[in-house]
Amino acid sequence: MIILTGASGGLGQEILSSIANLDSVIAIYYQNPIVSSKLKNIIPYKLDITCEKSVNNFVHEFKTK
């Protein structure tokens, strides 16, 4: 599993396209949702990485997967 922050930006979208075939990707965004209709193995996830509580919730959620 790959975790990509900033996945909704221009560079993030390009990286996401490149790595989506390698493994499943948790594509983290905050403001702009991920447009991944043609990409497989993408798990869009809205997260404020500046909020400790949000990051802890994210870790707890994916720790068990």
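Before reading on, note that the structure itself is shown above.
Summary of the structure given here. This one's a predicted model, so the numbers in the text were calculated from it and none came from an experiment.

1. Considerations on unusual backbone geometry
The phi torsion at asparagine 41 lies on the positive side, around 65°, for a residue other than glycine. Structurally, the position occupied by asparagine 41 is in the loop between strand E2 (25-29) and strand E3 (42-46). According to the relative accessible area criterion, asparagine 41 is partly exposed, its value standing at 46%.

2. Quick word on the environment of leucine 47
By secondary structure assignment, the location of leucine 47 is in the loop between E3 and helix H2 (52-63). Considered as a pair, leucine 47 and glycine 10 are 37 residues apart in the sequence and their alpha carbons are 18 Å apart. Contact partners of leucine 47, with chain neighbours within four places excluded, come to Ile28, Tyr29, Tyr30, Ser54, Val55 and Phe58.

3. Observations concerning the packing of aromatic side chains
Within this structure, the stated rule accounts for 3 aromatic pairs. Arranged with centres 5.4 Å apart and planes meeting at 70°, the rings of tyrosine 45 and phenylalanine 62 form a pair that is edge-to-face. With a gap of 17 residues between them, tyrosine 45 in strand E3 and phenylalanine 62 in helix H2 connect regions that are remote in the sequence. You can call tyrosine 45 buried: its relative accessible area is 16%.

4. Here we look at the nonpolar core
Nonpolar side chains in soluble globular proteins generally cluster together in the buried interior. The biggest cluster of nonpolar side chains holds 10 residues, and these are Leu4, Ala7, Leu16, Ile19, Ala20, Val25, Ala27, Tyr29, Ile34 and Ile42. Those elements that provide at least two residues to this core are helix H1 (10-19) and E2. Sort the elements by how many residues they give to this core and E2 lands first, with 3 residues. Setting aside residues no more than four positions away along its own chain, valine 25 makes contact with Ile2, Leu4, Leu16, Ile19, Ala20, Asn41, Ile42 and Ile43. Ranked by size, the runner-up nonpolar core spans 6 residues in total, among them Ile26, Leu47, Phe58 and Phe62.

Conventions used here
- All residue numbers here refer to positions counted from 1 along the written sequence of the relevant chain.
- Confidence filtering applies because this is a predicted model: local features only for residues at pLDDT of at least 70, side-chain atom pairs given and counted only at 80 or more, and all residues used for totals across whole chains, interfaces and linings.
- Remark: hydrogens and water are excluded; side-chain values derive from all non-hydrogen atoms of the structure.
- Helix and strand assignments come from DSSP, with helices taken as H or I runs of at least 4 residues and strands as E runs of at least 2, each series counted from the N terminus.
- Categorising residues by exposure relies on relative accessible area from a 1.4 Å probe, with only protein chains included: less than 20% of the type maximum marks a residue as buried, more than 50% marks it as exposed, and the intermediate range marks it as partly exposed.
- By definition in these notes, contact holds between two residues if any of their heavy atoms fall within 4.5 Å.
- Here a Phe, Tyr or Trp ring, Trp counted by its six-membered ring, pairs with any other such ring whose centre lies within 6.5 Å, and the pair is stacked when the planes are under 30 degrees apart, edge-to-face when over 60, and tilted otherwise.
- In this text, buried Ala, Val, Leu, Ile, Met, Phe, Trp, Tyr and Cys residues form a nonpolar core when linked through side-chain atoms within 4.5 Å.

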